[in-house]
Amino acid sequence: MPKYQCHRKECNRIRSEFSIFLNRRRPPQYEGHAFCSDSCLQMHFEEELREKWRRLQKDSDPKIPRPKLGTILMQTAFITRDQLDEAIKLQNQTREGRIGEWLQRLGFVEEHQITEALAQQYGLPLINLHNSDANADAVRMIPGKVAKCSGLVPVGFDDSQTALQIAVTAPVNFHSQEAIRRMVRKGIVAYIGDESAIDKLLRKLYEPEDLDLSNVPTFRSLEDLTELGNEMIASAINNRAQDIRAELVQDFFWMRLDYPTQSHHHFFRYLPTPVQVRDLVEEKERTVRYGVGS
Ligand SMILES: [Zn+2]
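Model, not experiment: these values are computed from the prediction.

A. Up close: the overall build of the protein chain. Of regular secondary structure, the protein chain possesses 13 helices and ten strands. Taking all 294 residues of the protein chain together, the buried fraction comes to 32%.

Laid out in structure tokens, this is it:
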């Protein structure tokens, strides 16, 4: 008779096929792991969530020293020191936009030069998206809201079909990339693409409502999030989900519930304070999408 060891570390219960038969159902799996009971699954979920939250708050992205974008553009796009200073001045005065954006607005560089400089800055390969076709399987793996909030677009698979290729405007935060990898259960290979092409492709591949972040429910704290998550878990258990996955990606909580014939995705958005919420989120999106300090 097959036995099921509970995945929760503190639990030593082993279930037999017979006890599952007595219970008339088995609890859903969490990230592919089996649990002896709904409560063990729920406790494991809460522990995981705390850990993910802690990692996100710590923001321990590996700090790799990188050349500044302006310096690269002076070498590759032949902008002058004066032109760079002018862009920096405008950026400081208006407290908005990135340095590359200002250089482009002032007519000193073309978009592709910024994209190339970003690829050099982050050591990522370039991708030309202007003639790309949709790969429906790749698009299905990343919900529109995740793509939108992370500034990425899925473009296809590598030759061995083991990794999902994504195009980004700036590298997706390390922890978020790991989170996306766990959610799609595939490796992620990132390329740098033109921002305008990524935006255009997003709008081509997804329906407008899939990209709309304005009506996503929000949470303000880990307590809020745990409560929301537990509600989702309870409903997943009731509805006989087979597997549950949950990750924090940038400032979004993404939950994936796998049912026999389909997957449901749910999103919640982190809004820490009620004041100037829109400004804060927009600023964060910019920072996340385009990288800081360039
Ligand atoms: Zn257990």
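B. Region of interest: the sheet that holds strand 6 (residues 187–192). Pairing is mixed across the open sheet formed by three strands, whose spatial order is 4-5-6. Both edges of this open sheet fall to strand 4 (152–157) and strand 6, since each of them pairs with a single strand only. Shown here is a sheet whose adjacent strand axes are inclined to one another by a mean of 30°, direction ignored. As paired strands, strand 4 and strand 5 (residues 163–168) are joined by five bridges and run antiparallel to one another. Each bridged residue has a counterpart across the sheet, and for Gly156 the counterpart in strand 5 is Gln165.

C. The sheet that holds strand 3 (residues 29–30), seen in detail. Strand order in the open sheet formed by five strands is 3-8-9-10-7, and the pairing between neighbours is mixed. The open sheet terminates on both sides in strands that have one partner only, identified here as strand 3 and strand 7 (218–219). Here seven bridges tie strand 8 (residues 243–249) to strand 9 (residues 252–258), and the two strands are oriented antiparallel to one another. Among the inter-strand pairings, Ala246 is bridged to a residue of strand 9, identified as Met255.

D. The arrangement of helix 4 (residues 81–94) in detail. With 14 residues, helix 4 should reach 20 Å at 1.5 Å per residue; the first-to-last C-alpha distance of 20 Å fits that figure. Within helix 4 the residues assigned to the buried category are Gln83, Leu84 and Ala87. Down the axis, helix 4 shows its buried residues gathered within 100° of arc, on one side only. What points out from helix 4, more than 90 degrees from its buried face, is the exposed set Arg81, Asp82, Asp85, Lys89, Asn92 and Gln93. Contacts made by the buried residues of helix 4 are with helix 3 (69–76) and helix 5 (99–105).

E. Here's a closer look at unusual backbone geometry. Of note in this structure, Gln161 is not a glycine but carries a positive phi near 65°. Looking at the secondary structure, you find Gln161 in the loop between strand 4 and strand 5. At Arg185, a residue that is not glycine, the phi angle is positive and equals roughly 55°. As for its placement among the helices and strands, Arg185 is situated in the loop between helix 9 (174–184) and strand 6. C-beta crowding within 10 Å serves as the criterion here: with 12 such atoms nearby, Arg185 is assigned to the exposed category.

F. Expanded view of the nonpolar core. Judged by nonpolar contacts, the single largest core of 60 residues is most densely connected at Leu103, Val153 and Ala167. Element by element, the count of residues in this core is highest for helix 10 (residues 195–205), at five residues. Each residue touching Val153, except ones within four places of it in the same chain, is listed here: Ala147, Ile166, Ala167, Ile198, Leu201, Leu202 and Leu205.

G. Representation of the pairing of strand 5. Taking the residues that link successive antiparallel strands as the turn, the strand 4-strand 5 hairpin has five residues, and the phi of Gln161 there is positive, at about 65°. Crossover handedness for the path strand 5 to helix 9 to strand 6: right-handed.

H. Fine view of the confidence of the model for the protein chain. Of the residues in the protein chain, 85% reach a pLDDT of 70 or more, and the chain-wide mean stands at 84. Counted against residues more than four places away or in other chains, residues 286–294, with its pLDDT under 50, gives 16 contacts.

Reading guide: rules and limits
- Residues numbered from 1 in each chain as written.
- Predicted model: local features only at pLDDT ≥ 70, side-chain atom pairs only at ≥ 80, totals over all residues.
- Helix = DSSP H or I, 4+ residues; strand = E, 2+ residues; numbered from the N terminus.
- Buried ≥ 20, exposed ≤ 12 C-beta atoms within 10 Å, placed from the backbone.
- Pairing = 2+ DSSP bridges.
- Axes fitted to C-alpha atoms, helices over the stretch in contact; angles between N-to-C directions.
- Expected span 1.5 Å × (residues − 1).
- Arc of directions from axis to C-beta.
- Contact = placed C-beta atoms within 7 Å.
- Core = buried A, V, L, I, M, F, W, Y, C linked by C-beta atoms within 7 Å.
- Right-handed = clockwise from strand over helix to strand, strands pointing away.
- pLDDT = per-residue confidence, 0-100.

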